[in-house]
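Single-letter residue listing:
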Amino acid sequence: MFWLLFLVLAGGLALVTCGRLCLAAVRAADAERAAGDGDGPHERVLSLYETAFLSGGPRRVADVALVSMARNRRLLLAHTGWATVVDPVGVDDMERSVIGAIGPQGQSRIAPVRSATASGDAVRTLTARLVAAGLATPDTTRTTVASGVAQVKAAAVTIAVLAAVATLMPGQEPPRNMPVALWFLLPLLLTLCCLFVARFEIHPYTHWASPTGQRLLSALPDGTGSLLAVALRGVPAVDDPALRSAFAHPARDPGDRL
């Protein structure tokens, strides 16, 4: 009757992982409601950087800042993957963060500039503001919910494996002449139903934008060829092939030059 031990283990996995995921989702929803109370998020107009963060996170914000500076001739982004400062005076905190990431020599590879800007103080301040307004999903919430979904998926696979092993084990005598595999159907269905619900009700909390932030994003125009398009869809939306190719180069040795 070793299959009973497997069944108990399968049931425990299903209950624990599904329970954790549901708890994480409830906490995420409560945090969003608490953060958004009284702020009138539905009437808020998103800035370009806010749109970029809610669409693609900190790295998207850095990309928008770089593209904006290049279009305004304050920064030269070469197709070889180098960034050169043309105007050392940034017009806002994000541009000043980019210039600071490039360094005093005024020239750097684009890849490390993107990374440094994405983790800089300007982006952290933007993140805190959006989280406080209930428009962005807190990092802890996003990772917790994503981890919960991954655990339920792993539990579903494990339950299927346990059912297969229990079925193939010799000498098993299930009651009422029911196949052993059928006894594992309930915990497996529980995990699959939880994942199905998560796809529509919980999955939004794994994005950078909270459900409220996603509704604001959905109301924005496409902005084809504009900085708004870059904020919404990233570097692939840049309409200049030469500028787009500048982002395609990985970081190289610091001794390299244009």
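What counts, and at which threshold
- Residues numbered from 1 in each chain as written.
- Predicted model: local features only at pLDDT ≥ 70, side-chain atom pairs only at ≥ 80, totals over all residues.
- Heavy atoms only, no water.
- Helix = DSSP H or I, 4+ residues; strand = E, 2+ residues; numbered from the N terminus.
- Buried < 20%, exposed > 50% of the residue type's maximum accessible area, 1.4 Å probe, protein only.
- Areas by Shrake-Rupley, 256 points an atom, 1.4 Å probe, with all protein chains shown as cover.
- Disulfide = S-S within 2.5 Å.
- Polar contact = N/O pair within 3.5 Å; in protein donor to acceptor, adjacent residues only side chain to side chain.
- Contact = heavy atoms within 4.5 Å.
- pLDDT = per-residue confidence, 0-100.
- Arc of directions from axis to C-beta.
- Pairing = 2+ DSSP bridges.
- Axes fitted to C-alpha atoms, helices over the stretch in contact; angles between N-to-C directions.
- Parallel < 35°, antiparallel > 145°, perpendicular 65-115°, else oblique.
- Nonpolar A, V, L, I, M, F, W, Y, C, P; charged D, E, K, R; others polar.
- Patch = residues over 30% accessible without salt bridge, like charges linked within 9 Å, V, L, I, M, F, W, Y side chains within 5 Å.
- Salt bridge = Lys/Arg side-chain N within 4 Å of Asp/Glu carboxyl O.

## So, the overall build of the protein chain
Here's step 1: Secondary structure assignment for the protein chain yields twelve helices and three strands.
Here's step 2: Taking all 258 residues of the protein chain together, the buried fraction comes to 44%.
Here's step 3: With an accessible surface of roughly 13,400 Å², the protein chain has 63% of that area assigned to carbon and sulfur atoms.

## Let's talk about the state of the cysteines
Here's step 1: Applying the stated rule across the entire model yields zero disulfides.
Here's step 2: Its sulfur unpaired, Cys193 is 8.8 Å from the next cysteine sulfur, which belongs to Cys194.
Here's step 3: Not part of a disulfide, Cys194 finds its nearest cysteine sulfur in Cys18, a span of 3.8 Å.
Here's step 4: Under the relative-accessibility criterion, Cys194 is labelled buried at 10%.

## As for the side chain of Thr17
Here's step 1: Mapped onto the elements of the fold, Thr17 is located in helix H1 (residues 2-36).
Here's step 2: From its side chain, Thr17 meets the backbone oxygen of Ala14 in a polar contact 3.5 Å long.
Here's step 3: Ignoring anything within four residues of it in the chain, the contact list for Thr17 reads Gln151, Val152 and Ala155.

## Details of the confidence of the model for the protein chain
Here's step 1: For the protein chain, per-residue confidence averages 85 on the pLDDT scale, and residues scoring 70 or more make up 87% of the total.
Here's step 2: In this model, residues 252-258 is a region of pLDDT below 50 whose contacts with residues beyond four sequence positions or in other chains number ten contacts.

## Quick notes on helix H5 (residues 110-118)
Here's step 1: Taken as a whole, H5 has its buried residues at Ile110, Ala111, Val113, Arg114, Thr117 and Ala118. Looking straight down H5, one finds its buried side chains confined to an arc of 165°; they lie on one side.

## Section: the sheet that holds strand E3 (residues 107-109)
Here's step 1: Taking strand neighbours across the sheet as the criterion, the three strands line up as E1-E2-E3 in an open arrangement whose pairing is antiparallel. The sheet is open, and its two edges are formed by strand E1 (75-77) and E3, each paired on a single side. When the angles between neighbouring strand axes are averaged without regard to direction, this sheet yields 20°.
Here's step 2: Relative to the sheet, H5 contacts E1, strand E2 (82-85) and E3, its axis offset from that of E3 by approximately 90°.

## Side note on the pairing of E2
Here's step 1: What you see with E2 is no split at all: Trp82 and Thr84 on one side and Ala83 and Val85 on the other are buried throughout.
Here's step 2: The pairing of E1 with E2 spans three bridges and is classified as antiparallel. The residue of E2 that forms the bridge with Leu77 is Ala83.
Here's step 3: The antiparallel pairing of E1 with E2 creates a hairpin that spans four residues between the two strands, and Gly81 there sits at a positive phi of about 95°.
Here's step 4: As judged from the three bridges shared by E2 and E3, these two strands associate in the antiparallel manner. Bridging from a neighbouring strand, Trp82 pairs with Arg109 of E3.

## Looking at the packing of helix H3 (residues 58-71) against helix H4 (residues 93-102)
Here's step 1: Running from N to C, H3 and H4 cross one another at 90°; their axes reach a closest spacing of 10 Å. Compared by their axis directions, H3 and H4 come out roughly perpendicular. Here H3 contributes Val61, Ala65, Leu66, Ser68 and Met69 to the contact with H4, which in turn contributes Met94, Glu95, Val98 and Ile99.
Here's step 2: Looking at the contact of H3 with H4 residue by residue, the class counts come to seven nonpolar, one polar and one charged.

## A word on a nonpolar patch on the surface
Here's step 1: On the surface, a cluster of nonpolar side chains totalling about 330 Å² of accessible area is made up of Leu182, Leu185, Leu189 and Leu192.
Here's step 2: Examining the composition of the nonpolar patch, we find that three residues originate from one element, helix H9 (residues 185-202), more than from any other.
Here's step 3: Here Leu192 lies in helix H9.
Here's step 4: By relative accessible area, Leu192 is classed as partly exposed at 42%.

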